[in-house]
Amino acid sequence: AEQGIGSPSDEKQLANEINRTLSALNELINTKMAPTAEKSNKAQHSLLVKRYREILFDSTNDFKKTSGTINRKRESMELFSGASTNGMQVEDPAMEQLLRERNAIGNSLVSASNVLGQAGEIRNELRSQGMALRGVGSKVLLMAGRIPGLNGLIDNIRRRRGKDDMVVSGTIAACILFTLWYVLG
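In what follows, the accompanying structure is described. This one's a predicted model, so the numbers in the text were calculated from it and none came from an experiment. (Residues numbered from 1 in each chain as written. Predicted model: local features only at pLDDT ≥ 70, side-chain atom pairs only at ≥ 80, totals over all residues. Heavy atoms only, no water.)

As for the overall build of the chain
Here comes step 1: When helices and strands are tallied, the chain shows four helices and zero strands.
Here comes step 2: Going residue by residue from the N terminus, the α and β elements of the chain occur as α-α-α-α.
Here comes step 3: Classification of the 185 residues of the chain by burial places 21% in the buried group.
Here comes step 4: The long-range fraction of contacts in the chain, counting pairs at least 24 apart against all pairs at least 6 apart in sequence, stands at 72%.
Here comes step 5: With the model as given, the accessible surface of the chain reaches about 13,600 Å², and the carbon-plus-sulfur share is 57%. (Helix = DSSP H or I, 4+ residues; strand = E, 2+ residues; numbered from the N terminus. Buried < 20%, exposed > 50% of the residue type's maximum accessible area, 1.4 Å probe, protein only. Contact = heavy atoms within 4.5 Å. Areas by Shrake-Rupley, 256 points an atom, 1.4 Å probe, with all protein chains shown as cover.)

If you want it as structure tokens, here you go:
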């Protein structure tokens, strides 16, 4: 490999693995986490699912941007690959500029390779988070099952709140009607 850049097959294999990991995380969020969060009726679980969707969206966009940048840099590098001087002194200023650009592109490709390495590390972290989250759904349902009075308590709170809302609504309506009667009558 030239200048520390992985072979195209290694890069393609890594890109395919990242795409598979992102797809697996998307499937995990949509098939496991979201339904479990809906069953638990807890805002914190819904917010957690939302946060993981945002992370997935950001990671996917970053990966697409990085892949596009790498492809553009590789194409530019291929364009300049024939401009090698083989140790000869270049006197043409335009050729010198092209060679500087070629070196800059080579450095950019090295940087892009480093970013791909970081993407691989992120993929591994996402995979470990996914494995940790697979157990969350069953644990939430298990906890809800262990505390049978919890669901009843939540239902009682909801009913009481509904009654309080009805009383406040009735009082406001009576005040409005009285005010209209007084103003118009």
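Considerations on the side chain of Thr36
Here comes step 1: Tracing the backbone shows Thr36 in helix H1 (residues 8-40).
Here comes step 2: A residue is classified by how much of its surface remains accessible, and Thr36, at 17% relative accessible area, is buried.
Here comes step 3: Side-chain polar atoms of Thr36 contact the backbone oxygen of Lys32, separated by 2.6 Å. (Polar contact = N/O pair within 3.5 Å; in protein donor to acceptor, adjacent residues only side chain to side chain.)

Focus on unusual backbone geometry
Here comes step 1: Notably, Asn41 is not glycine yet its phi reads approximately 55 degrees, a positive angle.
Here comes step 2: Secondary-structure assignment places Asn41 in the loop between H1 and helix H2 (43-80).

Some remarks on the nonpolar core
For soluble globular proteins, nonpolar side chains are generally found buried alongside one another.
Here comes step 1: The biggest cluster of nonpolar side chains holds 14 residues, and the ones touching the most others in it are Leu22, Leu25, Ile29, Met33, Val49, Tyr52 and Leu56.
Here comes step 2: Secondary structure elements with two or more residues in this core: H1, H2 and helix H3 (93-146).
Here comes step 3: The dominant element in this core, judged by the number of residues it contributes, is H1, at eight residues.
Here comes step 4: Every residue in contact with Tyr52, bar those within four places of it in the chain, is listed here: Ile29, Met33, Gln129 and Leu133. (Core = buried A, V, L, I, M, F, W, Y, C linked by side-chain atoms within 4.5 Å.)

Focus on H1
Since the α-helix packs 3.6 residues into each turn, any two residues three or four apart lie on the same face.
Here comes step 1: The end-to-end C-alpha distance of H1 is 46 Å, a good match for the 48 Å that 33 residues give at a rise of 1.5 Å each.
Here comes step 2: The sharpest bend along H1 reaches about 35 degrees and sits at Ile29.
Here comes step 3: Buried within H1 are the following residues: Glu11, Ile18, Thr21, Leu22, Leu25, Leu28, Ile29, Met33, Ala34, Thr36, Ala37 and Ser40.
Here comes step 4: Note on H1: the residue one or two positions beyond its end, Asn41, has a positive phi of about 55 degrees. (Expected span 1.5 Å × (residues − 1). Bend = angle between axes of the 7 residues up to and from the residue.)

Some points on the pattern of salt bridges
Where charged atoms of side chains with opposite charge meet at close range, the side chains can pair.
Here comes step 1: Tallying each qualifying case throughout the model produces five salt bridges.
Here comes step 2: When the shortest N-O distance is used, the salt bridge between Arg20 and Glu17 registers 2.5 Å. Of this pair, Arg20 and Glu17 are both found in helix H1, three residues apart, which corresponds to roughly one turn of the helix.
Here comes step 3: Under the relative-accessibility criterion, Arg20 is labelled partly exposed at 49%.
Here comes step 4: Beyond isolated ion pairs, a larger network of salt bridges with shared partners links Glu17, Arg20 and Arg127. (Salt bridge = Lys/Arg side-chain N within 4 Å of Asp/Glu carboxyl O.)

Side note on the packing of aromatic side chains
Here comes step 1: Counted according to the given criterion, the structure contains two aromatic pairs.
Here comes step 2: Between Phe178 and Tyr182, the aromatic rings sit 6.5 Å apart at their centres with planes inclined by 20 degrees, giving stacked as the arrangement. Here Phe178 pairs with Tyr182, and both are found in helix H4 (residues 148-184), just four residues apart, close to one helical turn.
Here comes step 3: Of the residues examined, Tyr182 reaches a relative accessible area of 62% and is grouped as exposed.
Here comes step 4: Grouped by ring-pair contacts, the aromatic residues Phe178, Trp181 and Tyr182 constitute a single cluster. (Phe/Tyr/Trp six-rings, centres within 6.5 Å; stacked < 30°, edge-to-face > 60°.)

What about a nonpolar patch on the surface?
Here comes step 1: Taken together, the side chains of Val168, Ile172, Ile176, Leu177, Phe178, Leu180, Trp181, Tyr182, Val183 and Leu184 define a hydrophobic patch exposed on the protein surface, amounting to about 1,200 Å² of accessible area.
Here comes step 2: Of note, Leu177 is situated in helix H4. (Patch = residues over 30% accessible without salt bridge, like charges linked within 9 Å, V, L, I, M, F, W, Y side chains within 5 Å.)

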